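An overview of the molecular structure
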Amino acid sequence: MSFTPNPIPGPDAPLKSALRYGLIGLAVLVVLSAAIATAVAGLPGLWGALLGAAIGGVFILTTAAVVLFGAKLPPSTAGLVMLASWVGKVLLVLIAVAVLNQFDFYNRVALFLTVIGALVIVLGAETYGVLRQKVPYVSTTAGDSEPASGQE
């Protein structure tokens, strides 16, 4: 009988887990919100739910993806990438809302509620993914068993 140890997760495992759970949460939200909005408001409700899931889901999921990408960069570059991606996302959302405001093929209430739902559900799913992941802590120096900086 051979023993195969579980692989040790890498330092980016929590981010990958957050992205995976966020995508799952968004998929569930799309199905539920599309069904409910269609039942309540018909085809405009469906369009509102789909647009809301796209806007809210992409806004949140790109943050996790950029953090995952930025983890491999030097800290100053990672900070710049995060700031630029955030500003870019805000501008894209503002442009999307301005363009969508000119049309009436979608239900605004369905869009609004789905965006809020996407923000809450995807953030919650990502948080669950990070907290659920177990990453070992390995000390690189001997004698680290003593409390740091006078903590007892």
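Please read these numbers as outputs of a predicted model, since none were measured by experiment.

**Notes on the overall build of the protein**
For the protein, the helix and strand inventory stands at four helices and zero strands. In the protein, the order of α-helices and β-strands from amino to carboxyl end is α-α-α-α. Within the protein, residue pairs in contact and separated by at least 24 positions form 81% of the contacts whose partners lie at least 6 positions apart. In the structure as shown, the protein presents an accessible area of about 10400 Å², 73% of it carried by carbon and sulfur atoms.

**Side note on the UniProt feature "transmembrane region" (unreviewed entry) in the protein**
UniProt's feature table lists "transmembrane region" (unreviewed entry) at residues 21-43, 49-71, 78-99 and 105-125, given in the numbering used throughout. Secondary structure over residues 21-43 splits into 96% helix and 0% strand, and the C-alpha atoms at its two ends are 29 Å apart. Along residues 78-99 the backbone is 100% helical and 0% strand, and the end-to-end C-alpha distance reaches 31 Å.

**Description of the packing of aromatic side chains**
On inspection of all chains with the given rule, the structure shows four aromatic pairs. Taking 5.8 Å as the distance between ring centres and 80 degrees as the angle between the ring planes, the aromatic pair formed by Trp47 and Phe105 counts as edge-to-face. Taken together, the residues span a long stretch of sequence, with Trp47 in helix H2 (residues 43-70) and Phe105 in the loop between helix H3 (75-100) and helix H4 (108-132) at a distance of 58 residues. Judged by centre distance (5.4 Å) and plane angle (75 degrees), the rings of Phe105 and Tyr106 are edge-to-face. Members of the aromatic cluster, each reached through a chain of ring pairs, are Trp47, Phe103, Phe105 and Tyr106.

**Examining H3**
For H3, with 26 residues, the first-to-last C-alpha span of 37 Å sits near the 38 Å given by 1.5 Å per residue. Among the residues making up H3, those that are buried are Ala78, Ser85, Lys89 and Leu100. Where the residues of H3 are buried, they touch H2 and H4.

**Observations regarding the nonpolar core**
Core analysis: the biggest nonpolar cluster contains seven residues, these being Leu26, Leu29, Ala53, Ile60, Leu61, Ala118 and Val122. When residues of this core are traced back to their parent elements, those giving at least two are helix H1 (13-41), H2 and H4. Apart from the residues lying within four places of it in its own chain, the contact partners of Val122 are Gly22, Leu26, Ile60, Leu61 and Gly117. Ile55, Leu100, Tyr106 and Val115 belong to the second largest nonpolar core, which has five residues in total.

Rules used throughout
Residues numbered from 1 in each chain as written. Predicted model: local features only at pLDDT ≥ 70, side-chain atom pairs only at ≥ 80, totals over all residues. Heavy atoms only, no water. Helix = DSSP H or I, 4+ residues; strand = E, 2+ residues; numbered from the N terminus. Contact = heavy atoms within 4.5 Å. Areas by Shrake-Rupley, 256 points an atom, 1.4 Å probe, with all protein chains shown as cover. UniProt positions renumbered as here; feature names shortened; annotations may be inferred. Phe/Tyr/Trp six-rings, centres within 6.5 Å; stacked < 30°, edge-to-face > 60°. Expected span 1.5 Å × (residues − 1). Buried < 20%, exposed > 50% of the residue type's maximum accessible area, 1.4 Å probe, protein only. Core = buried A, V, L, I, M, F, W, Y, C linked by side-chain atoms within 4.5 Å.

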